[in-house]
Amino acid sequence: MPLLSLFNRSLLDRAARPALEFAGVSSTFGEIEARSNRLAHALRARGLQRGERLAFFLQNRPEVIDLWIAAVKLGLVLVPVNVLYRERELKHILADAAPVAVVTSPDLAGFVPAGVICWEVAELAAESAAQPSARLAVGGVPETPLALIYTSGTTGASKGAVLTQGNFAANGAALAREWRFTEEDRYLATLPLFHVHGLANGVHCWLISGCHLRLTERFDHAKAAGWFEDYRPTVFFGVPAMFIRLLELPAEVARAIGSRLRLAVSGSAPLPAEVHEKFRQLYGSVILERYGMTETLMNISNPYDGERRPGTVGLPLPHVSVRICDESGAPVADGTSGEVWVKGTNVCAGYWQRPEATAAAWTDGWFRTGDIGVRAADGYITLQGRRSDLIISGGFNIYPREIEELILEQPGVREATVVGVPDPVRGEVPVAYVAVDAAVFDEPATVAYLRSQLASFKQPKAFVRVDALPRTALGKVQKRLLPSWQA
Ligand code: MLC
Ligand code: AMP
């Protein structure tokens, strides 16, 4: 079913129902329909045409949702940008995607590189208010691109995954069904809307099922207990760092929250089995872990009914085919590790303007995820690591090479490498190992430079000095031979 038809189940058929709450302000589905129509007219008045790209660089707020729905109606391609990105990341994404403009807010606009056109989100909303509320829908087919979402894939260079309306429809419809969403659900949405976990899963399960959503600007563990108590959600989606923070709540508070929570979903990074178990003991709720990627949306999920097995990501979703392959691309036997390959209506159309990267990631119609996994005889899949040295910190991806390149540009640095070290909350954090000329290397200046260029979660927690990096005979850095580091 086309994405807009899925949305119509709520936007048109449940027009009078309360839909969304943000900062104490509520909207019905009918109001969201009208707001997104007015915004579509305003975007059209600013000259945007089907197929054109428009970036957004915004914290979570209802305007992001209005923009998403307006983009579906107009056939626009949105480019979500992580609010923590700084000069280097923004320059790359905005040059590569070349959007008509970036929709942003005054607090973030200062980070947008000079020469890029910014549209102030409040101005756009004010302009929309004067537009007609009648639907302006040019429609879309499943192949119509809807988003370019930047991800680093298995190499360091960030690439735009071209996700279509059909990808979001297939993913959203499957998850809403598999995870038993109904219009009675109350979904607490704290994940960022610039990543697929919050956007493709959260927003789409909500719009397709017609449940209620409370949006927060971001996850804040100091406020989380209050939100759960006050809103009484039945559904929560989070990254492991959020569940680890939630383990800090007093037992009676946790038990009360858990008694109302019918579904807690974790993904984007490995959920340690002990967190799964501690959450069950404290909240009386068994976390459902699933596995996805920007390029593929969701692939594999533990079952709603049946065993949610800790440490595993479960079974392939009904519309997704999964193979575990060896280096030659041949499927391996159950119990043997290999690379996870996926195929299905969830998989993106390729990388934006990068035919070589696209060719390298697909083989015979299968997308090669770069994740290493193993399938048990009963079908449950466990992820064991990655082919690349990706670091995942709090659910945000970090490619060491991106940080290494910047450090190597600093005066006095001979060699540099960045590795992920274990962190009790965020899973991993980056640490830099450097061989430097001590008389020249200026660590505070390097830290300040990295802060101006890269997202805060990519900042190395330490610069560990070594005489030289351990290397193989071929010159490759042997990260596992580096001295261990502890905070
Ligand atoms: C995080 N920070 C933010 C922020 N989110 N700052 C401003 N706005 C936001 N929206 C920064 C903080 O400033 C801080 O920076 C650091 O992140 C941690 O903040 P914290 O308050 O100490 O939070 P913490 O309890 O550690 O939890 C971090 C977190 C965050 C869980 C809130 O990591 C997060 O939002 N993660 C979600 C990532 C996500 O959605 N991933 C999905 C990718 S899609 P400093 O300077 O102190 O470090 C994908 C596919 C799939 O992977 O399968 O889903
Ligand atoms: P992204 O590029 O941000 O979409 O990140 C996708 C990556 O997150 C995947 O390739 C996995 O390595 C990782 N990931 C997502 N879900 C899980 C999970 N449940 N367990 C382990 N890793 C995960």
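Cut-offs used in this document
Residues numbered from 1 in each chain as written. Chains lettered and ligands numbered in written order. Predicted model: local features only at pLDDT ≥ 70, side-chain atom pairs only at ≥ 80, totals over all residues. Heavy atoms only, no water. Phe/Tyr/Trp six-rings, centres within 6.5 Å; stacked < 30°, edge-to-face > 60°. Helix = DSSP H or I, 4+ residues; strand = E, 2+ residues; numbered from the N terminus. Buried < 20%, exposed > 50% of the residue type's maximum accessible area, 1.4 Å probe, protein only. Lys NZ or Arg CZ within 6 Å of the ring centre and 35° of its normal. Near = heavy atom within 4 Å. Polar contact = N/O pair within 3.5 Å; in protein donor to acceptor, adjacent residues only side chain to side chain. Areas by Shrake-Rupley, 256 points an atom, 1.4 Å probe, with all protein chains shown as cover. Nonpolar A, V, L, I, M, F, W, Y, C, P; charged D, E, K, R; others polar. Pairing = 2+ DSSP bridges. Right-handed = clockwise from strand over helix to strand, strands pointing away. Arc of directions from axis to C-beta. Contact = heavy atoms within 4.5 Å. Disulfide = S-S within 2.5 Å. Domains from an automatic or database assignment. Buried area = accessible area lost by both parts, 1.4 Å probe. Salt bridge = Lys/Arg side-chain N within 4 Å of Asp/Glu carboxyl O.

(A) Geometry of the packing of aromatic side chains. Taken as a whole, this structure holds 14 aromatic pairs when the rule is applied. Relative to Phe463, the ring of Phe441 lies with its centre 6.3 Å away and its plane at 55°, an arrangement referred to as tilted. Taken together, the residues Phe441 in the loop between strand S24 (427–436) and helix H15 (443–453) and Phe463 in strand S25 (residues 463–465) connect sequence positions 22 residues apart. Relative accessible area serves as the criterion here: at 7%, Phe441 is assigned to the buried category. Site record: aromatic cluster; members linked through ring pairs are Phe228, Phe236, Phe243, Phe279 and Tyr283. Over the face of the ring belonging to Trp119 we find Arg46, whose NZ or CZ atom lies 4.8 Å from the ring centre. Its end group placed over the ring of Phe181, Arg262 keeps NZ or CZ at 5.5 Å from the ring centre.

(B) Fine view of the site of ligand 2. In the neighbourhood of ligand 2, 16 residues make up the surrounding shell, with Arg290, Thr294, Asp371, Arg386 and Asn397 lying closest. Contact between ligand 2 and Arg290: a nitrogen atom at 2.8 Å from a main-chain N or O atom of the residue. A distance of 2.6 Å separates an oxygen atom of ligand 2 from a polar side-chain atom of Asp371. The protein chains hide 91% of the 500 Å² of surface that ligand 2 would expose on its own. Counting only elements with at least two residues in the shell around ligand 2, the list comes to strand S13 (288–293) and strand S20 (381–386). By residue number, the principal contributor to the shell around ligand 2 is S13, which donates 5 residues. Broken down by class, the residue content of the shell around ligand 2 amounts to 7 nonpolar, 5 polar and 4 charged.

(C) Structural view of the site of ligand 1. Taken together, 23 residues are adjacent to ligand 1, and Gln59, Arg245, Ser268, Arg290 and Gly394 come closest. Take Arg218: an N or O atom from its side chain is 3.2 Å from an oxygen atom of ligand 1. Arg290 is positioned such that a nitrogen or oxygen atom in its side chain is 2.7 Å from an oxygen atom of ligand 1. If ligand 1 stood free it would expose 1000 Å²; the protein chains cover 83% of that surface.

(D) Quick peek at the pairing of S24. For S24, the buried fraction is high: 8 of the 10 residues fall into the buried class. Where strand S23 (residues 413–423) and S24 come together, 10 bridges link them in antiparallel fashion. Paired with Ala416 across the bridge in S24 is Val434. In this antiparallel pair of consecutive strands, S23 and S24, the connection spans 3 residues. Relative to S25, S24 is paired through 3 bridges, and the arrangement is parallel. Bridging across to S25, Val434 finds its partner in Arg465. Taken together, S24, H15 and S25 constitute a β-α-β crossover, and its handedness is right-handed.

(E) Fine view of helix H12 (residues 273–283). If you check which residues of H12 are buried, you get Val275, His276, Phe279 and Tyr283. All buried residues of H12 fall inside an arc of 105° around its axis, so they share one side. As for H12, its buried residues are in contact with helix H10 (240–246), helix H11 (251–260) and strand S12 (263–266). Looking one or two residues past H12, Gly284 carries a phi angle of roughly 70°, positive in sign.

(F) Region of interest: the state of the cysteines. Going through the model one piece at a time under the given rule, you end up with 0 disulfides. Cys211 forms no disulfide, and the closest cysteine sulfur to it belongs to Cys205, at a distance of 7.9 Å. Since its relative accessible area comes to 0%, Cys211 is described here as buried. The cysteine Cys348 is free of any disulfide, with Cys325 supplying the nearest cysteine sulfur at 18 Å.

(G) The domain arrangement of the protein chain, seen in detail. Taken domain by domain, the protein chain consists of domain 1 (3–163) and domain 2 (391–481). Measuring from the centre of the C-alpha atoms in domain 1 to the corresponding centre in domain 2 gives 34 Å. On the domain 2 side, the residues contacting the 12 residues of domain 1 number 15 residues. Carbon and sulfur atoms supply 47% of the area that domain 1 and domain 2 bury against each other, a total of about 1100 Å² over both sides. At the surface where domain 1 touches domain 2, the tally comes to 2 salt bridges. A salt bridge links Glu409 to Arg88, with the nearest nitrogen and oxygen atoms 3.3 Å apart. On inspection of domain 1 and its partner domain 2, the count reaches 6 residue pairs in polar contact (both at pLDDT 80 or more). Residues of the side of domain 1 that touches domain 2, tallied by class, amount to 2 nonpolar, 6 polar and 4 charged.

(H) Region of interest: the environment of Thr363. Summarising the element assignment, Thr363 is placed in strand S18 (residues 362–363). Expressed as a C-alpha distance, the spacing of Thr363 and Trp341, which sit 22 residues apart in the sequence, is 9.0 Å. In this structure Thr363 touches Trp341 and Arg368, once residues within four positions along its chain are discounted.

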